[in-house]
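If you want the building blocks of each chain, they are given just below.
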Amino acid sequence: MLILECPYCGVKAEETELAAGGEAHLKRFGPGSSDDEFHDYLFMRENPKGVHFERWRHANGCGKWFHAARCTMTLEVFGTYTAQTSVPTQEIIDKIAAKRPGWTWREFADEK
Amino acid sequence: MKRYSVFAVAREALRYHTGWERAWRSPEPKRHYDVVIVGAGGHGLATAYYLGKNFGITNVAIIEKGWLGGGNTGRNTTIIRSNYLQDPSAAIYEKARSLYETMSQDLNYNVMFSPRGVIMLAQTEHEIRGYKRTAHANQQQGVQTEWISPERVKEIVPIINLDGPRYPVLGGLYQERGGTARHDAVAWGYARACSDMGMDIIQKCEVTGVRTENGRTVGVDTTKGPIDCDKIGMIVAGNASVLSEMAGFRLPMESVALQAMVSEPIKPCMDVVVMANTVHGYMSQSDKGEMVIGGGTDGFNNYTQRGSFHHIEETVRALVETFPMVSRLKMLRQWGGIVDVTGDRSPIISKTPVQNCFINCGWGTGGFKSIPGSGWAMAELMATGHSPLTEEFTINRFKEGKFIDESVAAGVAH
């Protein structure tokens, strides 16, 4: 069973309390962007076997959105962090680097 | 290959069953093949089979990292139907269903195809409208389905409770020629036929890299060494994104866990497949007497081949209202598989940005029923570069906005 700690209210919530929100740190594209950019934003998804970053919502709790770093192979959780960022915290990145040497993910988008 | 027949059984009975051969060879890989199929599940083996049977291409290797048919082919709920709303889906699933009808004879292998009928229950007003629409569409597509009344549902499925407090049964979409088949036997039958045509099925051999030169594929690296090939077919379901990344392109896809379970065996009580999409549950009874129950997918990316516990409860809870007798059943086994889900819940059977590299994935939660049709179409695509069945299922359809939107049409259990 997947348990994530909500970074806002501090509750260690198990899955039924949470709603999965898909890939984290997507750079949004709207009117005026190219077909490729729009396509990638809407449909292309990171689908790694290993380290992954996701959006979650503490739906049956405080109701807030947050981010989680997780391993899709083992369901190990590396940490959760605020929704108001486009990159994970250094602490989480260090933790992942220690546990999964050589890990990769796509470039973190610069959300502006 | 010695053919299986009643005479073979009698002959072997007289000599203590010492004369049976292995159903397929397990050779070491050669250095070069015309075609390498990655993934020896149903879809991969079917593709190889039709490459040989329809196009005479037999210098083929089928590479499998685990064991043959050990992925989603051995983890599904074995339902076969073709009552899809969209034309391209109906075409390929109906092709598959029709191939299932003669598969045992074609392969000389009993796949236990049982056209026992499939009912999809309508339990909300929206579903009534949706299924009536599907029934009309199916009529145009030449797929034999009909809308049936609650009374008729009760006639076909006596154990059903029509007037549940939350989700009464308001009717159903009935496909009389749908049904089930033995999932392992489908993989084994294709494997035996492929091996007989001289193809090499190489198990416990993981692909670690896809080699390309000037934008075209030249071979794969595996745990049993490099293998050169002219064409690659990637048919690996949940691991499609991992493999495509090796080849250098991305897929509009996410891998999630889907679960199923079986109950203890009981006396025959339901000779039809019933799907209840509103409440996320579907059920049939196996020949052994177990109730085979499938549920919904988890909401998050997962490669662990096991699903979340709460989905088991949700699934069974949903069924208890419609089938009160289920509440007395003990569940024997539960398992999960990793399904590859695209944005429009339809598969991708397509050429890729890498030349001579073909991909067949995205079957999501509905792969088993399509195995022969998918193999048929994929073989045609790989051999000739074009197949009428796959035209709409390209990798580029998302960019063009040409979705084959079955997520709306089929609900969840798909």
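Residues numbered from 1 in each chain as written. Chains lettered and ligands numbered in written order. Predicted model: local features only at pLDDT ≥ 70, side-chain atom pairs only at ≥ 80, totals over all residues.

Participant: What exactly am I supposed to notice about the overall build of chain A here?
Facilitator: For chain A, the count of helices and strands is two helices and six strands. Rg of the C-alpha trace for chain A: 14 Å, near the compact-globule value of 13 Å for 112 residues, within the 12% margin. For chain A, the C-alpha atoms occupy an extent of roughly 40 × 35 × 20 Å along the three principal directions. When contacts within chain A are restricted to residue pairs at least 6 apart in sequence, long-range pairs at least 24 apart make up 51% of them. (Helix = DSSP H or I, 4+ residues; strand = E, 2+ residues; numbered from the N terminus. Rg over C-alpha atoms; globule rule 2.2 N^0.38 Å. Contact = placed C-beta atoms within 7 Å.)

Participant: Help me out: how do you make sense of the domain arrangement of chain B in this one?
Facilitator: Interface size is commonly expressed as the accessible area that is lost once the parts come together. All names here are of chain B. Segmentation of chain B into domains returns domain 1 (25-82 + 84-108 + 183-251 + 344-410) and domain 2 (118-178 + 255-342). The centre of domain 1, based on its C-alpha atoms, is set 27 Å off from the matching centre of domain 2. Between domain 1 and domain 2, the residue contacts involve 28 residues of the former and 27 residues of the latter. Those elements that place two or more of their residues in the side of domain 1 that touches domain 2 are strand 3 (79-80), helix 3 (87-101) and helix 8 (240-247). Looking at the side of domain 1 that touches domain 2 element by element, the count peaks at four residues for helix 3. Class assignment for the residues of the side of domain 1 that touches domain 2 results in 10 nonpolar, 11 polar and seven charged. (Domains from an automatic or database assignment. Nonpolar A, V, L, I, M, F, W, Y, C, P; charged D, E, K, R; others polar.)

Participant: Where do I start with the pairing of strand 1 (residues 32-38) of chain B in this structure?
Facilitator: The side chains of a regular strand alternate between both faces of the sheet. Residues and elements named next belong to chain B. The element strand 1 is largely enclosed, with a buried count of five among its seven residues. Where strand 1 and strand 11 (residues 225-234) come together, six bridges link them in parallel fashion. Looking at strand 11, one finds that histidine 32 is bridged to aspartate 228. For strand 1 and strand 2 (residues 60-63), the ladder comprises four bridges, and the chain directions are parallel. Directly across from valine 36, in strand 2, lies its bridge partner alanine 61. Following the chain from strand 1 across helix 2 (residues 42-55) to the adjacent parallel strand 2, one finds a crossover that is right-handed. (Buried ≥ 20, exposed ≤ 12 C-beta atoms within 10 Å, placed from the backbone. Pairing = 2+ DSSP bridges. Right-handed = clockwise from strand over helix to strand, strands pointing away.)

Participant: When you look at the sheet that holds strand 16 (residues 331-342) of chain B in this model, what are you seeing that I'm missing?
Facilitator: Note: strands within a sheet are paired through backbone hydrogen bonds, in either parallel or antiparallel orientation. Residues and elements named next belong to chain B. An order of 5-6-4-13-14-15-12-16 is seen for the eight strands of this open sheet, with the pairing classed as mixed. A single partner strand is all that each edge strand has here, and the edge strands are strand 5 (146-148) and strand 16. Averaged over all adjacent pairs, the angle separating strand axes in this sheet is 25°, with direction ignored. (Axes fitted to C-alpha atoms, helices over the stretch in contact; angles between N-to-C directions.)

Participant: I'm lost on the nonpolar core in this one. Help?
Facilitator: Generally speaking, soluble globular proteins have nonpolar side chains that are buried together. Counting 118 residues, the largest nonpolar core has B:Val36, B:Val38 and B:Ile62 as its most contacted members. Residues lining this core come from more than one domain, with at least three contributed by each of domain 1 (25-82 + 84-108 + 183-251 + 344-410) and domain 2 (118-178 + 255-342) of chain B. Counting residues in hydrophobic clusters, the runner-up holds 14 residues, among them A:Leu4, A:Cys6, A:Phe66 and A:Ala68. (Core = buried A, V, L, I, M, F, W, Y, C linked by C-beta atoms within 7 Å.)

Participant: Sorry, what's going on with the interface of chain A and chain B here?
Facilitator: Each partner contributes residues to the interface: chain A has 17 residues there, and chain B has 19 residues. Counting only elements with at least two residues in the side of chain A that touches chain B, the list comes to helix 1 (35-42) and strand 4 (51-57) of chain A. When the residues that make up the side of chain A that touches chain B are grouped by side-chain class, the tally is seven nonpolar, five polar and five charged.

Participant: Whenever I open this one, the packing of helix 2 of chain B against helix 7 (residues 183-196) of chain B confuses me. Can you help?
Facilitator: Packed helix pairs are characterised by how far apart their axes lie and by the angle those axes make with each other. All names here are of chain B. Put simply, helix 2 and helix 7 touch, their axes get as near as 9 Å, and they point 35° apart. Relative to helix 7, helix 2 is oriented so that their crossing is left-handed. Together, Gly42, Leu45, Ala46, Ala48, Tyr49 and Gly52 of helix 2 and Val186, Ala187, Tyr190, Ala191, Ala193 and Cys194 of helix 7 make up the contact between the two elements. The class makeup of the residues in the contact of helix 2 with helix 7 is 10 nonpolar, two polar and no charged. (Left-handed = near helix turned anticlockwise from the far one by under 90°.)

Participant: Is there a simple way to think about the environment of B:Thr208 in this case?
Facilitator: Residue and element names in this part refer to chain B. Within the secondary structure, threonine 208 sits in strand 9 (residues 207-213). When the C-alpha atoms of threonine 208 and leucine 107 are compared, they prove to be 32 Å apart, with 101 residues separating the residues in sequence. Setting aside residues up to four positions removed in sequence, threonine 208 forms contacts with Asp221, Thr222 and Thr223.

Participant: Just to check I follow, could you spell out the environment of B:Gln355 for this structure?
Facilitator: Residue and element names in this part refer to chain B. Along the chain, the position of glutamine 355 falls in the loop between strand 17 (348-351) and strand 18 (357-361). The class for glutamine 355 is partly exposed, based on 13 C-beta atoms found within 10 Å. Considering only alpha carbons, one finds glutamine 355 and valine 218, 137 residues apart in sequence, at a separation of 9.5 Å. Here glutamine 355 is in contact with Gly215, Arg216 and Thr217, once residues within four sequence places are set aside.

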